[in-house]
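# Structural features, examined
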Amino acid sequence: MNKRVILLNGAPNCVDGETEFFTGIGWKSIKDYKIGDSVLEYNKSNTIATLSQADYVKIPMSEGEEFLGYKCPILDMLMTSEHKVLYETSRGNLNDRAWGEIFTRLQDNLQGFSGKILTTFKRPSDGVTLSDAELKFIVALSADSSKIHSSKRKYCFNLKKPRKIERLRGILGELNYKYSESVFKSMEGYVRFIVDSPFEKGLPDSFYDLNEEQNTLVSKELRLWDGSAQTFYTNVEREADIAQMVFTKDGCRSNKVTTLRDREGRKLAIEYRVTVTTRQTVTMSGVSAKSHTYTAPPKDGFKYCFTTETGYWVARRNGKIFITGNCGKDTLGGLLQTRLGGTMQQFKEQLYVATAEHFKLPLNSFVKVATDRVLKEVESPYLNLPPEEYIKLKEYLGKDFSIDLRRYEAQSITPREAMIYLSELVVKPTLGEAYFGIKAAENMCEGNNWVTDSGFKQEAVIQVNEFGAENVFLVKIHREGCSFEGDSRSYISLDEYGVATLELDNNHTLEDAVRTIADWLYVNIPPASV
């Protein structure tokens, strides 16, 4: 069996800067991402979302490139045309398709797009160490109490609805809390409870981590105390976010809406309304679908995304939650490996080896920190450069720095900086631009080698020289509005070497892309050897 190298060469796919991600303790605009932030990663095989560290992507938009948007009362997405969108088919299967293709269908097809966008997920947790009665009381306290200023521990409930009065009595009796109850003479029908509370008023962040049983209970209580079967109200945005997550984990599609509430005799006040429905998806079908589409230039000139291991993450825009796609070619490479066999490869694997050797570190230890999405951005006491080399690196990166040259001390750098230093300031200037391509060729295996980070021509040419043009295959992945601008890699051409090249317009599903590549390879490689 021959060694074959299939180079996957394509640019990233992204969302706009206002799209939010969930950090574990709230939502945050993707443009404000900081190193160490967690991302809620979605696994479509079991519909479970878990917090993880993801690679962050921020690149400039190409000149004239615009975002494609869809906005209606229950869904708000603004993405580049090549972005991967996950949806449920009419048969209940999960599939994905390029946003540009869906957008075109929304504009050209009177029936819109029949796929259903996912808006809910499971999120297993060990839960919190609170009883059911304590959970109920915290919700009631948040909804209908006010603090008595003369005491830090006393709260007042003024209730009129009989169901709330009876419910609070039952909860307080179950908890054996000290309280007093009286009837207002000046406020007919109202009952006042004064309660000694061990809790502060407000929904706690720990409600993000309720287990399934606790979450179901709180989901019900929130609507009993501060809303209705289909709506939750609050004037505290953080509590609206917590409530929305509780409803979403409970299998209910929920949207957060910000409004100005006009109360008679009072000033206008901001109110947050979280709508709830047992429907778990959103459709973009019907004759009105086209009216919800629009295009928009980037506000800050950038597009953003994450690279997660599962290929998907949980996003929110203007209070509407949806599951969206990953950024990167590893998912496609993995599917091709599953379909056609072979080995996943990356040119940068050889950079790990060179960096570990240069800094005299065990390879396994260095790879562990260099691939950790948090540790790779943290300065390490084991990665040090003399002052003059440290200055060269910072200047190459265009970063501000401060160093006292009068004190000749080694300066610590991050694992990511160490790899850049080795690649661009040590190896390539001394051993040539193709060095990592040469080292990668030495590690190619028999059969198919799926290289998912191809973007430097010098590295690709080495594979042609080593294995012959008949054993190298270039797949250039194109999507409308997608480019390498802002990336050190680029689209490459190997036409002058006689390498078979597939120009893949990947505006369809990943399965379509896998099928197209597989069919193309069968034409170019004898079937018995694929």
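Model, not experiment: these values are computed from the prediction.

A few words on the overall build of the protein chain. When helices and strands are counted, the protein chain shows 13 helices and 30 strands. Within the protein chain, the proportion of its 530 residues that are buried is 50%. Looking at the protein chain as shown, the accessible area adds up to about 25,200 Å², and 48% of this sits on carbon and sulfur atoms.

Another point: the environment of Leu-363. Locating Leu-363 in the fold gives a position in helix H8 (residues 363-370). In this structure Leu-363 touches Tyr-352, Val-353 and Ala-356, once residues within four positions along its chain are discounted.

Let us now look at the side chain of Thr-248. Assignment of secondary structure puts Thr-248 in helix H5 (residues 237-249). On the basis of relative accessibility, which here comes to 0%, the residue Thr-248 falls in the buried class. Beyond its immediate sequence surroundings of up to four residues, Thr-248 is in contact with Thr-119, Thr-120, Phe-121, Ser-254 and Ile-321.

Bringing the packing of aromatic side chains into the picture now. Going through the model one piece at a time under the given rule, you end up with 19 aromatic pairs. Centre to centre, the rings of Trp-99 and Phe-103 are 6.1 Å apart; their planes meet at 65°, and the pair counts as edge-to-face. Of this pair, Trp-99 and Phe-103 are both found in helix H1 (residues 99-108), 4 residues apart, which corresponds to roughly one turn of the helix. Of the residues examined, Trp-99 reaches a relative accessible area of 0% and is grouped as buried. Residue class for Phe-103 comes out buried when judged on its relative accessible area of 5%. Judged by centre distance (6.0 Å) and plane angle (35°), the ring pair of Tyr-179 and Phe-193 falls under tilted. Placement of Tyr-179 in strand S14 (residues 179-183) and of Phe-193 in strand S15 (residues 191-196) is noted, with a sequence separation of 14 residues between them. Take Tyr-179: its relative accessible area is 33%, and that puts it in the partly exposed class. On the accessibility criterion, Phe-193 (0% relative accessible area) is buried. An aromatic cluster is present here, built from Phe-21, Tyr-33, Tyr-56, Phe-302, Tyr-304, Phe-306 and Trp-313 joined pairwise through their rings. Over the aromatic face of Tyr-312 sits the side chain of Lys-84, whose NZ or CZ is 4.5 Å from the ring centroid.

With 89% of its residues at a pLDDT of 70 or more, the protein chain has an overall mean of 86. When the elements of the protein chain are averaged for pLDDT, helix H6 (residues 330-340) gives the smallest value, 74, and strand S2 (residues 20-22) the largest, 97. Here residues 480-489 is a poorly scored stretch, pLDDT under 50, and it has 34 contacts once near neighbours within four places are set aside; other chains count.

Moving on, we come to the sheet that holds strand S21 (residues 293-296). On the basis of which strands lie adjacent, the open sheet formed by 3 strands has the order S8-S7-S21 and antiparallel pairing. A strand with exactly one partner marks an edge of an open sheet, and here the two such strands are strand S8 (75-79) and S21. Along the sheet, successive strands turn relative to each other by an average axial angle of 20°, direction set aside. Where strand S7 (residues 67-72) meets S8, 5 bridges bridge the pair, whose relative direction is antiparallel. Residue pairing across strands places Gly-69 opposite Leu-78, the latter belonging to S8. Those strands touched by H1 are S7, S8 and S21, and its axis lies near 55° from that of S7.

Remark: helix H9 (residues 387-397) packs on helix H10 (residues 415-431), axes separated minimally by 11 Å, with the N-to-C direction vectors making an angle of 90°. Relative to H10, H9 is oriented roughly perpendicular. Contacts from Glu-389, Lys-392, Leu-393, Lys-394, Tyr-396 and Leu-397 of H9 reach H10 at Glu-417, Ile-420, Tyr-421, Glu-424 and Leu-425.

For the rest of this paragraph, the subject is the sheet that holds S15. If you walk across this open sheet you meet the 4 strands as S12-S13-S15-S14, and the pairing is antiparallel. Bordering the open sheet on either side are strand S12 (145-147) and S14, each of which pairs with just one other strand. Along the sheet, successive strands turn relative to each other by an average axial angle of 25°, direction set aside. Bridging between S14 and S15 involves 5 bridges; their strand directions are antiparallel. Each residue of the ladder has a partner; that of Ser-182, found in S15, is Arg-192.

A few words now on the pattern of salt bridges. For the structure on display, the rule yields 24 salt bridges. For Lys-164, the salt bridge identified is with Asp-144, shortest N-O distance 2.8 Å. Here Asp-144 lies in helix H2 (residues 132-144) and Lys-164 lies in helix H3 (residues 162-175), a separation of 20 residues in the sequence. For Lys-164, a relative accessible area of 10% gives the class buried. Salt-bridge contacts for Glu-166 lead to Arg-169; the nearest nitrogen and oxygen are separated by 2.5 Å. Note that Glu-166 and Arg-169 are positioned in helix H3 at a spacing of 3 residues, about one turn of the helix.

Rules behind the numbers
Residues numbered from 1 in each chain as written. Predicted model: local features only at pLDDT ≥ 70, side-chain atom pairs only at ≥ 80, totals over all residues. Heavy atoms only, no water. Helix = DSSP H or I, 4+ residues; strand = E, 2+ residues; numbered from the N terminus. Buried < 20%, exposed > 50% of the residue type's maximum accessible area, 1.4 Å probe, protein only. Areas by Shrake-Rupley, 256 points an atom, 1.4 Å probe, with all protein chains shown as cover. Contact = heavy atoms within 4.5 Å. Phe/Tyr/Trp six-rings, centres within 6.5 Å; stacked < 30°, edge-to-face > 60°. Lys NZ or Arg CZ within 6 Å of the ring centre and 35° of its normal. pLDDT = per-residue confidence, 0-100. Pairing = 2+ DSSP bridges. Axes fitted to C-alpha atoms, helices over the stretch in contact; angles between N-to-C directions. Parallel < 35°, antiparallel > 145°, perpendicular 65-115°, else oblique. Salt bridge = Lys/Arg side-chain N within 4 Å of Asp/Glu carboxyl O.

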